[in-house]
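# An overview of the molecular structure
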Amino acid sequence: SSDLTFQTAGVPTHDWIVEMPRALDRHFREFYSDELKERAAGVRVFTNTHPGHIISAMRIANVVPGARFLFIKRDLNDVVLRIFMKKYREGNFYAYDVKTIRAYVEWYYKMIDVLSERFPDITATIRYEDMVVDPASVQKTAAALCGFQAPVEEPSLPGDDRGCGTPYTSFIEAALGSTYPVP
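Residues numbered from 1 in each chain as written. Predicted model: local features only at pLDDT ≥ 70, side-chain atom pairs only at ≥ 80, totals over all residues. Heavy atoms only, no water.

## A few points about the overall build of the chain
Heads up, the condition is: Under the scheme used here, helices are H or I runs from DSSP no shorter than 4 residues and strands are E runs no shorter than 2 residues, and both carry numbers assigned from the N terminus. A simple rule labels every residue: compare its accessible area, found with a 1.4 Å probe on the protein chains alone, to the largest value its type can have, and call it buried under 20%, exposed over 50%, or partly exposed in between. The contact criterion used throughout is that any non-hydrogen atoms of two residues lie within 4.5 Å. Here the accessible surface of atoms and residues is derived via Shrake-Rupley with a 1.4 Å probe, and residues count as covered only by protein chains that are part of the display.
Check the secondary structure of the chain and you find eight helices and two strands. Sequence-ordered secondary structure for the chain, helices as α and strands as β, is α-α-α-β-α-α-β-α-α-α. Each of the 183 residues in the chain was classed as buried or not, and the buried ones make up 32%. Contacts in the chain between residues at least 24 apart in sequence constitute 62% of all its contacts with a sequence separation of at least 6. Carbon and sulfur atoms make up 55% of the accessible area of the chain, which amounts to about 12,100 Å² in all.

## Quick notes on the confidence of the model for the chain
Basically, it comes down to this: Scored from 0 to 100, pLDDT reflects the predictor's confidence in each residue.
On average, residues of the chain score 87 in pLDDT, and 89% of them reach the 70 mark or higher. The least confident element of the chain, judged by mean pLDDT, is helix H1 (residues 2–8) at 63; the most confident is strand E2 (residues 123–127) at 97.

## Notes on the nonpolar core
To keep it simple, the criterion reads: Side-chain atoms within 4.5 Å link the members of a nonpolar core, which is a set of buried Ala, Val, Leu, Ile, Met, Phe, Trp, Tyr and Cys residues.
Formed by 28 residues in total, the largest nonpolar core has its most connected members in Phe69 and Ile83. Listing elements by their share of this core, those giving two or more residues are helix H3 (57–63), strand E1 (69–73), helix H4 (76–85), helix H5 (98–118) and helix H8 (169–177). Ranked by the residues each element gives to this core, the list is headed by H5, at seven residues. Excluding anything up to four places from it in sequence, phenylalanine 69 contacts Ala57, Ile60, Ala61, Ile122, Thr123, Ala124 and Leu145. Counting residues in each nonpolar core, the second largest holds five residues, with Ile126, Tyr128, Met131 and Val132 among its members.

## Looking at the environment of valine 133
Checked against the element boundaries, valine 133 lands in helix H6 (residues 128–133). Here the alpha-carbon distance between valine 133 and aspartate 160, two residues 27 residues apart in the chain, equals 8.8 Å.

## Considerations on the packing of aromatic side chains
Operational definition: Planes of paired rings set the category: under 30 degrees apart is stacked, over 60 is edge-to-face and the rest tilted, where pairs are Phe, Tyr or Trp rings (Trp by its six-membered ring) whose centres lie within 6.5 Å.
What the rule picks out here adds up to eight aromatic pairs. Ring centres 5.4 Å apart and planes at 85° place the aromatic pair phenylalanine 93 and tyrosine 94 in the edge-to-face group. The exposure class of phenylalanine 93 is exposed, given its relative accessible area of 74%. Note on tyrosine 94: relative accessible area 8%, which makes it buried. Each ring, one from tyrosine 104 and one from tyrosine 108, has its centre 6.0 Å from the other, and the planes form 50°; the classification is tilted. Remark: tyrosine 108 and tyrosine 104 occur in helix H5; sequence separation between them is four residues, near one turn of the helix.

## Observations concerning the packing of H4 against H5
Selection criterion: Note on geometry: axes are lines fitted to C-alpha atoms, helical ones only across the stretch in contact, with angles between N-to-C directions running from 0 to 180 degrees. Any angle from 65 to 115 degrees is called roughly perpendicular, while one under 35 is roughly parallel, one over 145 is roughly antiparallel, and all others are oblique. Each helix crossing is assigned a hand: it is left-handed if the near helix lies turned anticlockwise from the far helix by less than a right angle, otherwise right-handed if that turn is clockwise.
It is the contact of H4 with H5, at a shortest axis distance of 9 Å, that shows an interaxial angle of 125°. Looking at the two axes, H4 sits oblique to H5. Considering the relative orientation of H4 and H5, their crossing is right-handed. Between H4, through Leu76, Asn77, Val79, Val80, Ile83 and Phe84, and H5, the contact on the second element is made entirely by Val98, Ile101, Arg102, Val105, Glu106 and Tyr109.

## Comments concerning the pattern of salt bridges
Rule in force here: By convention in these notes, a salt bridge is any Lys or Arg side-chain nitrogen within 4 Å of a carboxyl oxygen on Asp or Glu.
Counting across every chain of the model gives nine salt bridges. For arginine 102, the salt bridge is made with glutamate 106, and the minimal N-O distance between the two is 3.1 Å. Residue arginine 102 and its partner glutamate 106 are located together in helix H5, separated by four residues, close to a single helical turn. Glutamate 106 sits in the partly exposed class, given a relative accessible area of 35%.

Here is the structure:
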């Protein structure tokens, strides 16, 4: 949708709608709506779980009617460890240094807080740890956010990765406290 909007306007394309001139909001909304109808024909909820969209979330909230945001927070050390252990093919410049990972996740959580404060009617924040312990409650939160009744059947249990960073706490703390020589 954003590419088509940029191209139609004769503006160099960009992946983030936050870079789109405000004058193109109406066109983006129309293209997005058409694409959504095509991709999600017959469904009531369409989700996008790409964490990189946090950058454009405020713009999406203002431009896309019916947008809802269900944010998930998790223990910082667990998130830091999982990001540090993943090999990314592209992007995620912060992912190979514990300090930059921690700073990025803290920034991300602040963005969640700002969006939740600015848009309380279209956002909800859940904790991963709560989702593992009580998935039905989280399912009810998500359903309420979208204006639906939660299904009666029990939701499937998510994987339980709580506390994965605990054995690495001393490593993480040492890395956070270290200084690197500047070349």
